[in-house]
Amino acid sequence: MQNAATLTSHWADVVSKVTGLIDLDATALATKALIRKREIRSGEMLLRLALAYGPGGLSLRAAAAWAGVIGLAEMSDTAVMKRVRNACEWLGEVAGALLHGDARSRTVAAILPGRRLRIVDGSVITQPGSSGTDWRLHATYDPAGSRFAAASSSMNQPGPPRWQSSWLPRTI
């Protein structure tokens, strides 16, 4: 019950963050997570119930009792189960909006100040009927810029790859 109590004390902060990224009511209606507005009348109420049950650590019966105690809704444990089950797609959209919003605010520059991140791949290409590697493809991807920084191909030749990339000091 501790997690559900924490959720209650910080609910205004949770709602302001989530509603800044996604329209809870519109998406709940669009995904059919909220069909008949009887006990649970809004996306915010449904999100609160789902968070109390899932991450809040409450059982279905305890979530139903908790909802009644805080004045959210008077419902049975079966009703809680049906509401949360119907909200799966919608909860995925809410989670996706939160992850997308977090990714926009967390740039590589903020995570690795003063450094550049590069992802380097060396793939091989084989022609049909060939018994070995015919070509090598070398690519460098810059995730911060969402683009390839360098790409080249070469015939399979012994020795180190003959390609270059813009490697600067403090590149990871």
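Read on for an overview of the structure.

Here we take up the overall build of the chain. A count of helices and strands for the chain gives eight helices and three strands. The order of α-helices and β-strands along the chain, N terminus first, is α-α-α-α-α-α-α-α-β-β-β. With 172 residues in all, the chain has 29% of them scored as buried. Counted over contacts in the chain with a minimum sequence separation of 6, partners at least 24 positions apart contribute 46%.

Okay, the nonpolar core next. Across soluble globular proteins, nonpolar side chains have a tendency to be buried as a group. Among the nonpolar cores identified, the biggest contains 31 residues, and Ile 40 and Trp 90 are the most heavily contacted of them. For this core, the secondary structure elements donating two or more residues are helix H2 (11–19), helix H3 (24–30), helix H4 (43–53), helix H5 (60–69), helix H6 (77–86) and helix H7 (88–105). The element contributing the most residues to this core is H4, with six residues. Not counting the four nearest positions on each side in its chain, Trp 90 is found in contact with Leu 24, Thr 27, Ala 28, Thr 31, Ala 33, Gly 43, Leu 46 and Leu 47.

The sheet built from three strands is open, its strands ordered S1-S2-S3 with antiparallel pairing. In the strand order of this sheet, the two ends are held by strand S1 (119–125) and strand S3 (147–155), each with one partner. Each adjacent strand pair in this sheet contributes to an overall mean axis angle of 15°, direction not counted. Where S1 lies against strand S2 (residues 135–142), seven bridges are found, and the strand directions are antiparallel. Considered in S2, the bridge of Ile 125 is made with Trp 135.

Here the focus is the pattern of salt bridges. One pass over the structure, following the stated rule, counts one salt bridge. In this structure, Arg 61 engages Asp 77 in a salt bridge whose closest nitrogen and oxygen atoms are separated by 3.6 Å. Of this pair, Arg 61 sits in helix H5 while Asp 77 sits in helix H6, and the two are 16 residues apart along the sequence.

What follows is about the environment of Val 94. On the secondary structure map, Val 94 appears in helix H7. On the basis of relative accessible area, Val 94 is assigned to the buried category, the value being 5%. For the pair Val 94 and Thr 27, spaced 67 residues apart in sequence, the C-alpha separation works out to 8.6 Å.

Another point: the side chain of Arg 48. Looking at the element boundaries, Arg 48 is found in helix H4. Summary of buried charges: Arg 48 has no salt-bridge partner, and the nearest side chain of opposite charge, Glu 44, is 5.8 Å away. Excluding its chain neighbours within four sequence positions, the residues that come into contact with Arg 48 are Leu 7, Thr 8, Trp 11, Trp 66, Ile 70 and Leu 72.

Attention now goes to the side chain of Thr 31. By secondary structure assignment, the location of Thr 31 is in the loop between H3 and H4. Within the structure, Thr 31 has its side chain in polar contact with the backbone oxygen of Ala 28 (distance 3.5 Å). Leave out the neighbours within four places in its chain, and Thr 31 touches Glu 89, Trp 90 and Glu 93.

One can describe the packing of H5 onto H6 by two numbers: an axis separation of 8 Å at closest approach and a directional angle of 100°. Judged by the angle between their axes, H5 and H6 are roughly perpendicular. Touching Leu 60, Arg 61, Ala 63 and Ala 64 of H5 are Asp 77, Val 80 and Met 81, all from H6. Looking at side-chain class alone, the contact of H5 with H6 contains five nonpolar, no polar and two charged residues.

Take a positive patch on the surface next. On the surface, Arg 36, Arg 38, Lys 82 and Arg 85 cluster together into a positively charged patch. Inspection of the secondary structure assignment puts Arg 38 in the loop between H3 and H4.

Cut-offs used in this document
Residues numbered from 1 in each chain as written. Predicted model: local features only at pLDDT ≥ 70, side-chain atom pairs only at ≥ 80, totals over all residues. Heavy atoms only, no water. Helix = DSSP H or I, 4+ residues; strand = E, 2+ residues; numbered from the N terminus. Buried < 20%, exposed > 50% of the residue type's maximum accessible area, 1.4 Å probe, protein only. Contact = heavy atoms within 4.5 Å. Core = buried A, V, L, I, M, F, W, Y, C linked by side-chain atoms within 4.5 Å. Pairing = 2+ DSSP bridges. Axes fitted to C-alpha atoms, helices over the stretch in contact; angles between N-to-C directions. Salt bridge = Lys/Arg side-chain N within 4 Å of Asp/Glu carboxyl O. Lys, Arg positive; Asp, Glu negative; His and termini not counted. Polar contact = N/O pair within 3.5 Å; in protein donor to acceptor, adjacent residues only side chain to side chain. Parallel < 35°, antiparallel > 145°, perpendicular 65-115°, else oblique. Nonpolar A, V, L, I, M, F, W, Y, C, P; charged D, E, K, R; others polar. Patch = residues over 30% accessible without salt bridge, like charges linked within 9 Å, V, L, I, M, F, W, Y side chains within 5 Å. Areas by Shrake-Rupley, 256 points an atom, 1.4 Å probe, with all protein chains shown as cover. Charge placed at Lys NZ, Arg CZ, Asp CG, Glu CD.

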